[in-house]
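Structural characterization, general
Below, each chain spelled out in residue letters.
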Amino acid sequence: MNNLKTLMLMVLLAALMIFVGGLVGGKGGMMIMLMISLGMNAFSYWFSDSMVLKMYNAREVSREDAPQLYGLVENLAANAQLPMPKVCIIDSEVPNAFATGRNPSHAAVAVTTGIMRALDYNELSGVLGHELAHVKNRDILTGTIAAMMATVISYGAQFVAFFGGRSDDEEGGGNPIAALVAALLAPFAAMLIQMAISRSREYVADHDGAEICGNANYLADALEKIEYYALNGRQMSDATPATAHMFIINPFAGTMSSIRKMFSTHPETSERIARLRAQARGR
């Protein structure tokens, strides 16, 4: 199912880029954007994870650099019967984490320095178990490509809004109506792409992550703490809406309007915690 979603996202990106190319450069623009979209899709598959890690200046660490964190990931990966992923740290005081990569053999988990300080060992194991569950369930390729595509679409909207539309049949001047349509369509399309990331994947990752770490209460306690920071004005300075769905808790949770919450890729944290508490009681 995730492979189908990924294919659909790639097709949607190609269609949007061709459409924008037609607005800006007519048939010639469409052909140029078709070629660019093919290259973008190939690049997204192979390198989108590296791009996301670079966006957040995540640095890979070894056992020698961060022995406790590395050892914890190693133990949890063994519990989940997964290859050892790359372990990365993001210099941010805001507690959060995400996983990325194209498959379990080419995966990375990234945590902020803030989450390492805010959570105890058990709570951090719950968070990392959740992220490894995303790896095991192969959510990470779809989520990573969606992040990159949403970023590309956002830049595309700015490009069209700046240059305006032009077709081969026009003698001069831009097409302000076409440019307006493209500028409105792009953020809407980005929203649709992120909506393709089902909220149910978080519930599944919570459940499976609790199994991986050994206690659902570990993750429930961690989510309570991370949510507290998110709702009390602690926002990652480098966070972007295009990548928000990748994090264990939306980094914009404290500043989201009611409309944006409707389209959020994350379920309510309170509901996630309630399900985890019930899972723990059922043991």
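Summary of the structure given here. In this text the structure is predicted, and so the values were computed from the model without any measurement.

Attention now goes to the packing of aromatic side chains. In the structure shown here, the tally under the stated rule is 4 aromatic pairs. Here Phe98 and Phe247 contribute two aromatic rings whose centre-to-centre distance is 5.1 Å and whose plane-to-plane angle is 75°, an arrangement assigned as edge-to-face. Placement of Phe98 in strand β3 (residues 97-103) and of Phe247 in the loop between α8 (216-231) and α9 (258-262) is noted, with a sequence separation of 149 residues between them. The pair Phe98 / Phe247 is uniform in exposure class, with both members buried.

Before going further, it helps to spend a moment on the pattern of salt bridges. Applying the stated criterion across every chain yields a total of 10 salt bridges. Among the ionic pairs, Lys225 bridges to Glu123, the shortest N-O distance being 3.0 Å. Residue Lys225 is found in helix α8, and its partner Glu123 is found in helix α4 (residues 121-136); the two are separated by 102 residues along the sequence. Here Glu123 falls in the buried class, since its relative accessible area comes to 7%. Three or more residues joined by partner-sharing salt bridges are found here, namely Arg201, Glu202, Asp206 and Arg272.

It is worth spelling out helix α7 (residues 200-213) at this point. The end-to-end C-alpha distance of α7 is 20 Å, a good match for the 20 Å that 14 residues give at a rise of 1.5 Å each. Listed in full, the buried residues belonging to α7 are Arg201, Glu202, Tyr203, Ala205, Asp206, Gly209, Ala210, Ile212 and Cys213. In this fold, the buried residues of α7 make contact with α2 (67-79), α4, α8 and α10 (269-281). One or two steps after α7, the chain reaches Gly214, where phi turns positive at roughly 100°.

Reading guide: rules and limits
- Residues numbered from 1 in each chain as written.
- Predicted model: local features only at pLDDT ≥ 70, side-chain atom pairs only at ≥ 80, totals over all residues.
- Heavy atoms only, no water.
- Phe/Tyr/Trp six-rings, centres within 6.5 Å; stacked < 30°, edge-to-face > 60°.
- Helix = DSSP H or I, 4+ residues; strand = E, 2+ residues; numbered from the N terminus.
- Buried < 20%, exposed > 50% of the residue type's maximum accessible area, 1.4 Å probe, protein only.
- Salt bridge = Lys/Arg side-chain N within 4 Å of Asp/Glu carboxyl O.
- Expected span 1.5 Å × (residues − 1).
- Contact = heavy atoms within 4.5 Å.

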